[in-house]
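# Structure assessment
What follows is the residue order along each chain.
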Amino acid sequence: MIKVDDLSFSYTKEAFISDINFEVKPGEILGFLGPSGAGKSTLQKILTGVLTRYSGSVIVNGEEVKNVSSNFYEGIGVDFEFPSLYEKLTGRENLKFFSSLYIKNRDINELLESVGLLYDADKLVMNYSKGMKSRLNFIKALVHDPQIIFLDEPTSGLDPTNTSIMKQIILEEKAKGKTIILTTHNMHDAEELCDRVAFIVDGKIMALDTPHNLIMSRGAAKIDYAYLVDNKEIKNQVLLSETKIDKQLTDAILENKLIYIHSSEPNLNDIFIEITGKALL
């Protein structure tokens, strides 16, 4: 659905993003992870046709983005981080207006209900909370049933309940075969939702793989455990691959002195810092 070759882009004379190469298959969720100013949003703007003065090739849904036809926008849905809504219209009126711009449409009431906004559908958007606007902006990107969905920090500003609802809808869209590009600095969202993630720093992709492969390739899983010796708690750690030869662990199990045991592997944030030398801010 998406194929990017040797992509570079510059706002000034110096390249802002450069040497970008990747592909995205139908039904895949690819996450762009990186700190603020890394180039994530710029890359999304190129993929969605907002920025077209790039070098290299960017094929989205079979079309070179800098030469797209009007039909291109029928196939993509975009949810930028900052809502683009008409404040003096109601939530329902916003969706009706945006759906009128497309040939194919989904049921507006179903979309409103899916994000808990059906009860507030006829309120003016100016009276919506930040989270309500975020949810309305999200379903606005789905109103024409696009095959490719671009999401920029979709759970930002949402409470845990609505974050969970949003993630469930994203996974449901994936199950329908939709291709999803997720831009975020939230590692938990990336681990839960993405089939693959791309670490982007200073306009370059530093790593691209599944969250599991990135974690396991960079840090061996460990076991943390504690056991009793003369009524004192002793803590220890051993590589998962070496548990069989750890005498303290074996003895603690055989003598029923084990207090706790659990695995401890690096998380995606740890791997991001190790690979890029930067933290997500």
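Residues numbered from 1 in each chain as written. Predicted model: local features only at pLDDT ≥ 70, side-chain atom pairs only at ≥ 80, totals over all residues. Heavy atoms only, no water.

### Some words on the nonpolar core
Note the threshold: Residues belong to a common nonpolar core when they are buried Ala, Val, Leu, Ile, Met, Phe, Trp, Tyr or Cys residues joined through side-chain atoms within 4.5 Å. Each residue is assigned to one of three classes by its accessible area relative to the maximum for its type, calculated with a 1.4 Å probe on protein chains only: buried under 20%, partly exposed between the two thresholds, exposed over 50%. Only heavy atoms enter the contact rule, under which two residues are in contact if any of them lie within 4.5 Å.
Residues Leu136, Phe138, Phe199 and Leu268 are the most contacted members of the largest nonpolar core, which totals 40 residues. Beyond its immediate sequence surroundings of up to four residues, Leu268 is in contact with Leu33, Met187, Ala190, Glu191, Val197, Phe199, Pro211, Leu214 and Ile215. Counting 26 residues, the second largest nonpolar core, distinct from the first, contains Ile17, Ala38, Val60 and Phe72.

### Overview of the pattern of salt bridges
Note the threshold: Basic side-chain nitrogens of Lys or Arg form a salt bridge, by our definition, when they fall within 4 Å of a carboxyl oxygen of Asp or Glu. Working definition: helices are DSSP H or I runs of at least four residues, strands are E runs of at least two. Numbering for both runs from the N terminus.
Counted according to the given criterion, the structure contains 18 salt bridges. Residue Asp189 is joined to Lys167 by a salt bridge in which the shortest nitrogen-to-oxygen separation is 2.9 Å. Residue Asp189 is located in helix α6 (residues 187-193), and its partner Lys167 is located in helix α5 (residues 160-175); the two are separated by 22 residues in the primary sequence. Each member of the pair Asp189 and Lys167 is classed as buried. Residue Asp195 is joined to Lys174 by a salt bridge in which the shortest nitrogen-to-oxygen separation is 2.9 Å. Taken together, the positions of Asp195 in the loop between α6 and β9 (196-201) and Lys174 in helix α5 put the pair 21 residues apart, joining distant regions of the chain. The partly exposed category is assigned to Asp195, whose relative accessible area is 28%. Residue classification places Lys174 among the partly exposed residues on the basis of a relative accessible area of 23%. Shared partners join several salt bridges into a network, and the residues in it are Lys104, Arg106, Asp145, Glu173, Lys176 and Lys178.

### Looking at the environment of Lys25
Among the structural elements, Lys25 can be located in the loop between β2 (17-24) and β3 (29-33). As a C-alpha pair, Lys25 and Pro266 span 241 residues in sequence and 28 Å in three-dimensional space.

### What to know about α5
The test is simple: What a helix is expected to span follows from its residue count: subtract one and scale by 1.5 Å. Directions from the helix axis toward the C-beta atoms define the arc. In protein, a polar contact requires one atom able to donate a hydrogen and another able to accept it; more generally it is a pair of N or O atoms within 3.5 Å, and residues adjacent in sequence count only if both atoms are side-chain atoms.
With 16 residues, α5 ought to run about 22 Å at 1.5 Å a step, and its terminal C-alpha atoms sit 23 Å apart, in line with that. Restricting attention to buried positions, one finds in α5 the residues Asn162, Thr163, Met166, Lys167, Ile169, Ile170 and Glu173. Buried residues of α5 fall within an arc of 160° about the axis and therefore sit on the same side. Residues of α5 that are exposed and point more than 90 degrees away from the buried face comprise Pro160, Thr161 and Ala175. Structurally, α5 contributes buried residues whose contacts are with β3, α3 (108-114), α4 (130-140), β7 (148-152), β8 (179-184) and α6. Measuring from the backbone nitrogen of Thr161 back to the side-chain oxygen at the start of α5 gives 3.0 Å, which picks out Asp159 as the cap. Once α5 ends, the next one or two residues include Gly177, with phi positive near 95°.

### Quick word on the sheet that holds β3
Formally: At least two bridges found by DSSP between two strands is the condition for calling them paired. For helices, the fitted axis covers only the stretch in contact; all axes are lines through C-alpha atoms, and the angles between them, taken along N-to-C directions, range from 0 to 180 degrees.
Spatial ordering of the open sheet is given by β6-β7-β8-β3-β9-β10, a layout of 6 strands whose pairing is mixed. With partners counted over all chains shown, the strands left at the sheet margins are β6 (76-79) and β10 (204-209), one partner each. On average, each strand axis in the sheet is tilted by 15° relative to the strand beside it, whichever way the strands run. Note: β9 against β10, 5 bridges, orientation antiparallel. Bridge pairing in β10 places Ala198 opposite Leu208.

### What about the environment of Lys3?
The topology assignment puts Lys3 in strand β1 (residues 2-9). Residue Lys3 is classed as partly exposed on the basis of its relative accessible area, which comes to 34%. Separated by 270 residues in sequence, Lys3 and Ile273 place their C-alpha atoms 27 Å apart. Reaching out from Lys3, the side chain makes a polar contact with the side chain of Asp5 at a distance of 2.7 Å.

### Regarding the sheet that holds strand β12 (residues 232-239)
Pairing in this open sheet of 3 strands is antiparallel, and the strands run β12-β11-β13 from one edge to the other. With partners counted over all chains shown, the strands left at the sheet margins are β12 and β13 (258-264), one partner each. The average angle at which neighbouring strand axes cross in this sheet is 15°, direction not considered.

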